[in-house]
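The primary structure of each chain is shown beneath.
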Amino acid sequence: MTVAPSPVSPQAGDYDRADWASGFRNVGVELSDVTVEASRGTIPAELQGTLYRNGPGRLERGGQWVHHPFDGDGMITALRFEDGAVRLSNRFIRTEGWLAEEKAGRFTYRGVFGTQKPGGPLANAFDLRLKNIANTHVVRLGDELLALWEASSPHALDPDSLETRGVTLLDGVLKPGEAFSAHPRFDPGHHGQERMVTFGVKTGPRSTVRLLEFAVKDDPAAGVKAGQLLSERSDSFKGFAFLHDFAITPNWAVFLQNAIAFNPLPYLLGRKGAAQCLASKPGGQAQFWLIPRDSGAFAGQEPRIIPAPEGFVFHHLNAWEERDELVLTSIFYADFPSIGPDTDFRSIDFDLIPEGLLERCTIDLTSGTLRTERLSERCCEFAMVNPSREGLASRYGWMAVAERETGNDPLQALKKLDLVSGERRVWSAAPRGFVSEPVMVPRPAAAGAPAPAEDDGWVLCVVWNGARCASDLVILDAASMAEVAVLELPLAIPYGLHGSFVPA
Ligand code: CO
């Protein structure tokens, strides 16, 4: 039997680099409740609520570009779905840094990802003020919208007008400037009550993880108000920690401590941003840190520390418990994608950076051993499960993927993966469209009817349309990944980070 030879190196995807690069830009307008019609298809009437997106909206000042888009000031986009219609609003978060730099017309802060103030190293050395740019995620907690940036406090916004109320310490839960993750996980009710579970890391030679659980809904019978802190614990671990995301199960908060080292000298001397001083630690051992949740069966016990596979992880898809095992699915990179001091982010060579690949780690909690399995060879990022399956066995994942089957490229398609059978369904925006994080919105359960299937609902995604040089909102059927509607937005939203859907 002869087998056709596979290509030696996969061809780069069929996209125009100028189309891709056009998605990095400044936003110059703030819109309020602009009605947007579907250009194709029909907006589902059952879809009721608001899709909030966060991401960098300002990438240049006074002719100087940020060194990396992650240094761009946070801008919130809200897309409100009501009775088959959509209204669009967007607002910059009025952070201290944004206000100062708007006034100055130039960068007056250094960015964590390498943006320097004008004037070279001398002008930047020993300026260790953090510019809290609030650009990473946006979630609803109680009567506030929280714009999150992991190295410092959240900013509270009005959920309707998107006006900035200011930095919030969450009713005194946080100390001023305390790190507060941009990756909360929403426990759909593992112990009968919905919770927002999140964390903050204080790092150094030892690292302390503060795990926090907040009520998501008012519970007058229990005297609990939405947004109230329900439990917390702090645990210290040996070594420097870089923790962007985590996962939850009913009993555990699951962290993957990457084998990363931090050399602050170039940062102190004004040559590099703090995040550019992170590098893979040769010979380092990644670890899982399993912290018992206070609501679970192991409350009050010490954390479990278990050796983890090589590679680097920003984001997890989901975790769950199966008898004495913990199953965690994550997006693994072969190495930490370092942010060089000199490269222009718009001219990066995708072939030189490792792609994200979905892998499942099954941790035997009795023996502390694990096995790993690659679930897909296709470059992916921004993966999620049905929010009602967060922390529980889930069959489906939705994620942004590259157009070609292997190799690294910009994210141009959305994929639904059946985690059991491996079956996948793909919707593609190629060649001229570039996707962002897909948000899966379950179909609301009808009163008295059985719960809808796990993949019953929609996938919402803001897509950069290179042909229009503006953004589209794409609505897909979550089960089939067929296009339900496309809305051509009257706004050009630069590539964003995370967001969430808040049902009406
Ligand atoms: Co993230």
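Position labels on residues start from 1 in each chain and follow its written sequence. Two thresholds apply to this predicted model, a pLDDT of at least 70 for residue-level local features and 80 or more for giving and counting side-chain atom pairs, whereas whole-chain, interface and lining totals are computed over all residues. Excluded from the side-chain calculations are hydrogens and water; all other atoms, namely the structure's heavy atoms, are used.

Trainee: Would you mind showing me how to read the sheet that holds strand β6 (residues 73–82) here?
Mentor: Picture the strands of a sheet paired through backbone hydrogen bonds; they go either parallel or antiparallel. Paired strands are those between which DSSP finds at least two bridges. Numbering of helices and strands starts at the N terminus; helices are DSSP runs of H or I of at least 4 residues and strands are runs of E of at least 2. Spatially, the 5 strands line up as an open sheet ordered β1-β7-β6-β3-β35, and their pairing is antiparallel. In this open sheet, the two edge strands, each paired with only one partner strand, are β1 (34–36) and β35 (499–503). In this sheet, adjacent strand axes meet at a mean angle of 25 degrees when their direction is disregarded. Relative to strand β7 (residues 85–92), β1 is paired through 3 bridges, and the arrangement is antiparallel. Within β7, the position partnered with Val 36 by the bridge is Val 86. Interaxial angle, 0 to 180 degrees, is taken between N-to-C directions of lines fitted to C-alpha atoms, where a helix line uses only the stretch in contact.

Trainee: I tried to follow the coordination of the cobalt ion on my own but got confused; where do I start?
Mentor: Octahedral six-donor coordination of a metal ideally yields angles of 90 or 180 degrees, compared with 109.5 degrees for tetrahedral four-donor coordination. Distances from the cobalt ion to its protein donors, His 183 (NE2), His 244 (NE2), His 315 (NE2) and His 498 (NE2), fall at 2.0 to 2.1 Å. Metal donors were taken as nitrogen, oxygen and sulfur atoms no farther than 2.8 Å from the ion, or 3.2 Å where the ion is Na, K or Ca. Water is excluded, so coordination may look unfinished. Tetrahedral means four donors with every angle between 85 and 135 degrees, whereas square planar (four donors) and octahedral (six donors) require angles over 155 degrees between opposite donors and between 65 and 115 for all others; sites fitting neither are termed irregular. Classification of the site at the cobalt ion rests on its 4 donor atoms, whose angles at the metal span 92 to 158 degrees, yielding the label irregular. Every donor residue of the cobalt ion comes from the same chain, spaced as H-x60-H-x70-H-x182-H. Here the residue His 183 occupies a position in the loop between β11 (164–167) and β12 (185–187), and His 244 occupies one in the loop between β15 (229–238) and β16 (247–248), the gap between them amounting to 61 residues.

Trainee: Got a minute to help me understand the environment of Pro 56 in this structure?
Mentor: Note that Pro 56 resides in strand β3 (residues 49–58). A residue is classified by how much of its surface remains accessible, and Pro 56, at 4% relative accessible area, is buried. Through-space distance from the C-alpha of Pro 56 to that of Asp 235 is 32 Å; in sequence the pair is 179 residues apart. With residues up to four places along the chain from it excluded, the contact list for Pro 56 reads Pro 69, Gly 72, Asp 73, Asn 135, Pro 494, Tyr 495, Gly 496 and Leu 497. The rule is simple: take the accessible area with a 1.4 Å probe, protein chains only, and divide by the maximum for that residue type; under 20% is buried, over 50% is exposed, in between is partly exposed. Residues count as neighbours in contact if any of their non-hydrogen atoms are within 4.5 Å of one another.

Trainee: How do you make sense of the sheet that holds strand β25 (residues 370–374) when you look at a structure like this?
Mentor: With respect to topology, 4 strands assemble into an open sheet ordered β22-β23-β24-β25, the strand pairing being antiparallel. Bordering the open sheet on either side are β22 (312–322) and β25, each of which pairs with just one other strand. On average, adjacent strands in this sheet sit at an angle of 20 degrees to one another, irrespective of strand direction. In terms of strand pairing, strand β23 (residues 325–333) meets strand β24 (residues 357–364) through 8 bridges, oriented antiparallel. Bridge pairing in β24 places Val 327 opposite Thr 362.

Trainee: What's the story with the state of the cysteines in this structure? I'm lost.
Mentor: Among covalent bonds in proteins, the disulfide is the one between the sulfur atoms of two cysteines. By definition, disulfides here are pairs of cysteine sulfur atoms that lie within 2.5 Å. For the structure on display, the rule yields 0 disulfides. With no disulfide of its own, Cys 461 lies 14 Å from the sulfur of Cys 380, the closest cysteine sulfur. Residue class for Cys 461 comes out buried when judged on its relative accessible area of 1%. Cysteine Cys 469 shares no disulfide, and the gap to the nearest cysteine sulfur, in Cys 461, comes to 17 Å.

Trainee: Would you mind going over helix α2 (residues 96–104) with me for this structure?
Mentor: Since the α-helix packs 3.6 residues into each turn, any two residues three or four apart lie on the same face. Taken residue by residue, α2 has Gly 97, Trp 98 and Glu 101 as its buried positions. For α2, the arc enclosing every buried residue in end-on projection is 95 degrees, short of the 170-degree limit, so these residues lie on one face. Turned more than 90 degrees away from the buried face of α2, the exposed residues are Glu 96 and Lys 103. One or two positions beyond α2, positive phi appears at Gly 105, with a value near 70 degrees. Directions from the helix axis toward the C-beta atoms define the arc.

Trainee: Hey, could you run me through the pairing of strand β34 (residues 483–488) in this one?
Mentor: One face of the sheet, then the other: side chains in a regular strand alternate in exactly this way. As defined by bridge partners, strand β2 (residues 40–41) adjoins β34 across 2 bridges and the pair is classed as antiparallel. Counterpart to Arg 40 in the pairing with β34 is Val 486. What sits between the antiparallel neighbours strand β33 (residues 470–477) and β34 is a turn of 5 residues, in which Met 481 has the positive phi angle 65 degrees.

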